[in-house]
Amino acid sequence: MRRIAIVGAGQAGLQLALGLQARGAYEVTVVAARTPEEVRAGRVMSTQLMYGPALAAERAAGLNLWDAATPPIGGLSLSTVEPPAVLGRTITAALEQPAHSVDQRVKTARWLELFEERGGRVQYGALTPEALAPVASGHELTVVATGHGPLAELFGRDERHSPYEQPRRHIATVYLHGVAPHPHLPPLYGRMSGFPEAGEYFVLPGLTHSGPCHILLWEARPGGPLDCWQDSPDPRTALERSLDLLRIYAPWEFELCAGAEPTDAGASLSGAVTPVVRHPVAEIAPEAYVLGMADAVVLNDPITGQGANNAARCAERYLHAIVERGERPFDRAWMHETFAGWWEHARHGTAYTNMVLGKMPEHVQHVLAAAADHPDLAHRLVNGYADPAGFQDWLLDADRAEACLAAVAGRQGGLA
């Protein structure tokens, strides 16, 4: 049996580990910083939003353990809010396939247990860069699947695809029970409110330990009026602060959240992400290489909801590449080729996310304005989040975007 080590026990690492385990031809060791009990008792880790293609990868691997309990997110509503608290343009459309958001504490803790129940070996405890070389020396392939801290920094920054050297948003989230349904949207739609020069606010239906919930996410521009999360508030304080902001900037959202309560003592998280693309292979000892995956080598701001999707699809791609390799060595060239196969997908979400974080191009502003009035354009935009590769064909190219707008105008008698 081929010996493989996976360092990191999140969406990507555990999906890959369980996929290899199911093949029966691999002896897989997972290195996890925390036990399942510690994960469940800890703070929330993300605001994951998984679209149809990523969910299909989970289902194909038999890991869709929460389908029946998870609220299906049937569509998205994206609005601008002009000061002072005036609702502006709104884009609303159904998703062709419902999306899901499962608390990563719930998912990764259970997947860790499942891996061990099926005979897998887990090494618990944080791994330092110095300790990585001995792990790699005992395995034919070592994959690093942790996107934060010194292990990820082993992979050099790829300047070609990393335009930002500082976080573009300061982020805060809190999981809540008791958020009221939106009176003008279908049930279980996710929604975003964008505040010019201040940031964004998201509400997502999700599933946590105690059942269905709503997840609030703030994406605050550094130094702006929404940027008040540096003290890493506890869930109660995060909710109170959210209500204070909503009362001022989006009072209709305040009314929906006024009766809410945090889901648990670990239901809040704050921080910042510097978007970065790293080189996929790191030499950790002479002629000893490890392969990076998912957030370890492609780390995006969560503003476009691509992180968990990238992780699931990276795990799917790496699994196929490992199986197809047969008995041949997992050498450096193979590692680069394997990453390249996934990057062909991931590069599109990275390009789109980096664009959203910067100054919105004029042609994209034209599309957003038109999508608020034209349902077919809204549908195309909203469903593009499930696979941003399609954005390359129209939204991210100025000429193609304008051609799309012209076509819409021709079909519907002109754009307002």
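This report concerns the structure included in the present document. (Residues numbered from 1 in each chain as written. Predicted model: local features only at pLDDT ≥ 70, side-chain atom pairs only at ≥ 80, totals over all residues. Heavy atoms only, no water.)

**Digging into the sheet that holds strand 15 (residues 288–292)**
Reading across the sheet, the six strands line up as 5-2-1-6-15-14 and stay open at both edges, with mixed pairing between neighbours. Since the sheet does not close on itself, it has two edges, and those belong to strand 5 (121–124) and strand 14 (281–285), each with one partner. Between one strand axis and the next, the sheet turns by 25 degrees as a mean value, whatever way the strands run. Examined bridge by bridge, strand 1 (residues 2–7) and strand 2 (residues 26–32) share six bridges and lie parallel to one another. By the bridge assignment, Ala5 is partnered in strand 2 with Thr29. Across the sheet, helix 4 (residues 104–117) lies against strand 2 and strand 5, angled at about 130 degrees from strand 5, the strand it touches most. (Pairing = 2+ DSSP bridges. Helix = DSSP H or I, 4+ residues; strand = E, 2+ residues; numbered from the N terminus. Axes fitted to C-alpha atoms, helices over the stretch in contact; angles between N-to-C directions. Contact = heavy atoms within 4.5 Å.)

**A short note on helix 10 (residues 362–371)**
Among the residues of helix 10, those classed as buried are His363, Val364, Val367, Leu368, Ala370 and Ala371. Down the axis, helix 10 shows its buried residues gathered within 165 degrees of arc, on one side only. (Buried < 20%, exposed > 50% of the residue type's maximum accessible area, 1.4 Å probe, protein only. Arc of directions from axis to C-beta.)

**Overview of the side chain of Thr47**
Mapped onto the elements, Thr47 comes out in the loop between helix 2 (36–41) and helix 3 (52–60). A residue is classified by how much of its surface remains accessible, and Thr47, at 15% relative accessible area, is buried. Residues in contact with Thr47, not counting those within four places in the same chain, are Thr173, Tyr175, Leu204, Ile215, Leu217 and Pro302.

**So, the packing of helix 10 against helix 11 (residues 375–384)**
Close contact between helix 10 and helix 11 brings their axes to 8 Å; oriented N to C, the two are set at 120 degrees. With respect to helix 11, the element helix 10 is oriented oblique. Within the contact between the two elements, helix 10 uses Val367, Leu368, Ala370 and Ala371 and helix 11 uses Leu377, Ala378 and Leu381. Grouping the constituent residues of the contact of helix 10 with helix 11 by class yields seven nonpolar, no polar and no charged. (Parallel < 35°, antiparallel > 145°, perpendicular 65-115°, else oblique. Nonpolar A, V, L, I, M, F, W, Y, C, P; charged D, E, K, R; others polar.)

**Quick look at the nonpolar core**
Within the largest apolar cluster, 60 residues are counted, with the highest numbers of intra-cluster contacts made by Leu16, Leu20, Val30, Met293, Tyr318 and Ile322. It is helix 8 (residues 307–325) that provides the largest number of residues to this core, a total of seven residues. Once residues within four sequence positions are removed from consideration, Ile322 is found in contact with Ile4, Leu16, Leu20, Tyr26, Leu141, Phe330 and Trp334. Of all hydrophobic cores here, the second largest spans 46 residues; its members include Val44, Tyr51, Val364 and Ala378. (Core = buried A, V, L, I, M, F, W, Y, C linked by side-chain atoms within 4.5 Å.)

Geometric values such as these leave the question of function open.
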